[in-house]
Every structure is written in structure tokens, then in C-alpha cells.
Amino acid sequence: MKIPKLQIGSLSANIPIVQGGMGVRVSLASLASAVANEGGIGTISSIGLGDLEDSKQEYERISREALITEIRKARSMTDGHLAVNFMGVLSNVNDLIKTSIQEGIKMIVFGAGLPTKLPALVPDPSVNLVPIISSARVAEFILRTWDKRYERTTDGLILEGPLAGGHLGFSAEQLEHPEDYSLEKLLPEVLEAIKSYEDKYGKKIPVITGGGIYNGKDIARMLYLGASGVQMGTRFVCTEECDVSQQFKQAYLEAKEKDIVIIKSPVGMPGRAINNRFLKDLEVKGKLKINCPYRCLTACKVKTARYCIALALVNSYFGDVDHGLIFCGQNAYRVDKITTVKELIQELLWELKEA
Ligand SMILES: Cc1cc2nc3c(=O)[nH]c(=O)nc-3n(C[C@H](O)[C@H](O)[C@H](O)COP(=O)(O)O)c2cc1C
């Protein structure tokens, strides 16, 4: 079997694997460039790069400069395809998107919010716009809005199912029945919803599925069902190149299935994480003190939030996991070794061919 390429607008990746953007600082230049070097699409996360002690203005300036540093560093490490991931709930999201484009990034991935104004912010057609969606209804809404307002359509869609890591586009109730929202159910609905826009604009809108994709057999199943590629996060965390601390990776290796839980995030969405000391302490304390001079998230209600999610994620990044949140996908408990990106991708492609 020939491994299919993944075409997203003007980008053509040699393998149908996108490494999902992982904030805070989990997927930076090292991981993204390693994936791009193997022929996939490596995604730098733009989230939480600022210094948490600073004023809003300083926070935004440092975030911008840190993103430029990561993009340039990644570029110096690969000639492959790089994307940057953004969350709509970031207060400085527009600034970071503009910065990425100035730095030559050709793929913008937009989640945690509806990208209704994204084409106005990025009118350059050579930049590929890829919203993250969790249902056919959301896909239809975005495509209809862009069609009416901007006479353009998306260059791709990332369909993230309920087994993914990080923030999730499903309600807590929906997450109690993930089988009702499986990628196998959602994907055909999305493919149907986008058909008329593909016809109108005379181009294929590739759908990339993510959330719980663990091995080559899973990739084969998604491609068979009509996905153009897959997005994977959890598997890439336990690689040598992943930018996060060793302690974060170790928590994945030690996690049991029962340790993987759904949390209510101050972002206003549920998220999936490892039930570690930090979450257990929070359960007892109820609320942690928050010092927030910079308001990094529009959706975070500082007065009522139980903890600062940016700080909790930064702590884990630096290795202080007892005071930190460890986001993960539902399959994190299955990961049993740290490998290299090259070995992981070779294994996935071998399994894909076998399947
Ligand atoms: C540690 C971690 C952090 C993540 N952070 C983000 C993020 O900041 N933005 C985003 O769009 N997705 C985020 N995700 C989701 C991934 O990009 C990816 O879509 C998802 O993890 C795929 O599911 P999988 O982990 O089962 O492979 C995160 C996932 C993990 C594991």
C-alpha cells in the first residue's frame, strides 16, 4: 500500500499525519520540526508563551516575541511543513495570528472558539486556514458564514472527537457517552455537510480526524472512512523531542486508565487530564489564589475561577507537576515508553501499511 499524501490547500505533506498543537509549551519548535522532518505537519502551539508575572502589555509582547523565536527556531531545524495552533479564547489571538503570518507560516489552526472573522484577518489566499470542529453542525456554520461574508471556504477541517486531549468541544454530559460522538459517527456527517461547499468552490476540503488515534490501524480506519489524514497529540508527548518536562512525560508513563479524568476548565470548556496531586489538592482546597495581571483568556472569569490554568500548565511544563495540570488524551495510559519522533512515525506507517 502506498502511504497517501495529505493535501491542505497549498501544502502537500508526504504522510497523512498532523501533530496536534499542544499548549502550554508542550509542542514548540523541537517537536514540530521533528514531525515536519518525517514528512508530517508539525504544529507549534501559540498558547501560554508569555511571562505570567507581567502586565497585560508585557505579557502580550513577550508572547509575541516567544512565538517568533519558536517559529524561527523550528524553521532552522526543518524545511518541512509547519502550522501554528491558536485558541479563539486567547485575548491576544489576533496579534499572534498576524505575527505567525509575518513569520511565513502557511497553516493556521484555530480551535476553542468560532473563527467567523478569520478570513478577514488573513486575506492572503496562500495561508491555509484550518478550523477545529467537533460536529457537522459547527462545520456547516463556519462554511456557511465564510461563504456568505467572504466568498471563500476553509482549506481543511480538523474534526476532534471526544477522546482527545486538552480542551474538548463537547459538554460534560456528552463526554459521559463518548461512543455517541465517536469519530466513526461524526466523520460521515461532516463529509456530507461540506459536500455542497466543495462543489461550489471546486476543491476538496480535507477532513483530518483526531482524538484517540493511537496506532497505524486507527489511521487506516480513518482514511478508509474518508478522512484525508489524522491529527495526533498524546503519542507525540512521549517522544524525546517533545518540548515539555521529563516529569510531564513520566506522568503519562505511570498513568492508569482510571487516572484519566474530565475536568472543568476556567476556559469554560471541559478538558481531559491526569488526576494527579494538583487536581486532588484542588478538590480539597476548592479554590486556589489567583494573581492575574494580564488576562490571557477572554473566557476566564478571574473572580470565580478555581485556579489559574495558565500557571498550572506552565508549572507542569517546567516539571513541577505536583502543582500543575497535565493534559492528556484518553489513551495516555497506553503509552509505555519514550521514543523518538522518527521511530514513532516509522512504527505508525508500518502498522498503517499492515492494516
Ligand atoms: C497535552 C495536550 C495539550 C493540548 N493542547 C491543545 C491546545 O492548546 N490547542 C488545541 O487545539 N488542542 C490541544 N490539544 C489537542 C491535540 O492538539 C490533539 O488534537 C489531540 O490531543 C488528539 O487526540 P490524541 O491526544 O488522542 O491523539 C492538546 C492535547 C494534549 C495531549
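Source: prediction; values computed, not measured.

(A) Summary view of the site of the ligand. Among the 22 residues in the neighbourhood of the ligand, the closest are listed as Gly21, Glu160, Gly212, Gln231 and Thr234. Between an oxygen atom of the ligand and a main-chain N or O atom of Gly21, the distance comes to 2.8 Å. Here Glu160 contributes a side-chain N or O atom positioned 2.5 Å from an oxygen atom of the ligand. Contact with the protein chains covers 95% of the free accessible surface of the ligand, which is 600 Å². Considered class by class, the residues forming the shell around the ligand number nine nonpolar, twelve polar and one charged.

(B) Expanded view of the packing of helix α8 (residues 216–224) against helix α13 (residues 341–354). In contact at an axis separation of 7 Å, α8 and α13 are set at 55° when each is read in the N-to-C sense. By the angle between their directions, the pair α8 and α13 is classed as oblique. Seen from above, α8 lies across α13 with right-handed handedness. Together, Gly216, Lys217, Ile219, Ala220 and Leu223 of α8 and Leu348, Glu351 and Leu352 of α13 make up the contact between the two elements.

(C) Structural view of the packing of aromatic side chains. Inspection of the entire model under this criterion finds four aromatic pairs. Note on Phe278 and Tyr307: the rings are 5.4 Å apart at their centroids and 80° apart in plane angle, and the pair reads as edge-to-face. Here Tyr307 lies in the loop between α11 (277–285) and α12 (309–318) and Phe278 lies in helix α11, a separation of 29 residues in the sequence. For the residue pair Phe278 and Tyr307, the accessibility class agrees, reading buried in each case. It is Arg235 that lies over the ring of Tyr214; its NZ or CZ is 4.1 Å from the centre. The positively charged end of Arg334 is found above the aromatic ring belonging to Tyr214, 4.1 Å away from the centroid.

(D) Main features of the pattern of salt bridges. Scanning the model with the defined rule gives 18 salt bridges in all. With its nearest N and O atoms 2.8 Å apart, the salt bridge here joins Arg64 to Asp95. Here Arg64 is found in helix α2 (residues 56–77), whereas its partner Asp95 is found in helix α3 (residues 93–102), with 31 residues between them in sequence. The class of Arg64 is partly exposed, set by a relative accessible area of 28%. Among the salt bridges present, the one from Glu103 reaches Arg72, with a minimum N-O distance of 2.8 Å. Here Glu103, found in the loop between α3 and β6 (107–111), pairs with Arg72, found in helix α2; they are 31 residues apart in sequence, far enough to count as distant. Members of the salt-bridge network, linked through shared partners, are Glu58, Arg61 and Glu65.

(E) Geometry of the nonpolar core. Among the nonpolar cores identified, the biggest contains 111 residues, and Ile17, Val190, Ile219, Phe236, Tyr252 and Leu325 are the most heavily contacted of them. Both of domain 1 (6–244 + 334–354) and domain 2 (247–323) provide at least three residues apiece to this core. Within the second largest apolar cluster, 13 residues are counted, among which are Ala83, Met107, Val109 and Val130.

(F) Inspection of the pairing of strand β10 (residues 207–210) at higher detail. Covered by surrounding structure in β10 are Val207 and Thr209 together with Ile208 and Gly210, the residues of both alternating faces. As paired elements, strand β8 (residues 157–160) and β10 share four bridges and run parallel to each other. Looking at β10, one finds that Ile158 is bridged to Ile208. In the sheet, β10 pairs with strand β11 (residues 229–232) via three bridges, with the strands oriented parallel. By the bridge assignment for β11, Thr209 is matched with Val230. In the classification by handedness, the crossover that spans β10, the intervening α8 and the parallel β11 is right-handed.

Analysis parameters
Residues numbered from 1 in each chain as written. Predicted model: local features only at pLDDT ≥ 70, side-chain atom pairs only at ≥ 80, totals over all residues. Heavy atoms only, no water. Near = heavy atom within 4 Å. Polar contact = N/O pair within 3.5 Å; in protein donor to acceptor, adjacent residues only side chain to side chain. Areas by Shrake-Rupley, 256 points an atom, 1.4 Å probe, with all protein chains shown as cover. Nonpolar A, V, L, I, M, F, W, Y, C, P; charged D, E, K, R; others polar. Axes fitted to C-alpha atoms, helices over the stretch in contact; angles between N-to-C directions. Helix = DSSP H or I, 4+ residues; strand = E, 2+ residues; numbered from the N terminus. Parallel < 35°, antiparallel > 145°, perpendicular 65-115°, else oblique. Left-handed = near helix turned anticlockwise from the far one by under 90°. Contact = heavy atoms within 4.5 Å. Phe/Tyr/Trp six-rings, centres within 6.5 Å; stacked < 30°, edge-to-face > 60°. Buried < 20%, exposed > 50% of the residue type's maximum accessible area, 1.4 Å probe, protein only. Lys NZ or Arg CZ within 6 Å of the ring centre and 35° of its normal. Salt bridge = Lys/Arg side-chain N within 4 Å of Asp/Glu carboxyl O. Core = buried A, V, L, I, M, F, W, Y, C linked by side-chain atoms within 4.5 Å. Domains from an automatic or database assignment. Pairing = 2+ DSSP bridges. Right-handed = clockwise from strand over helix to strand, strands pointing away.

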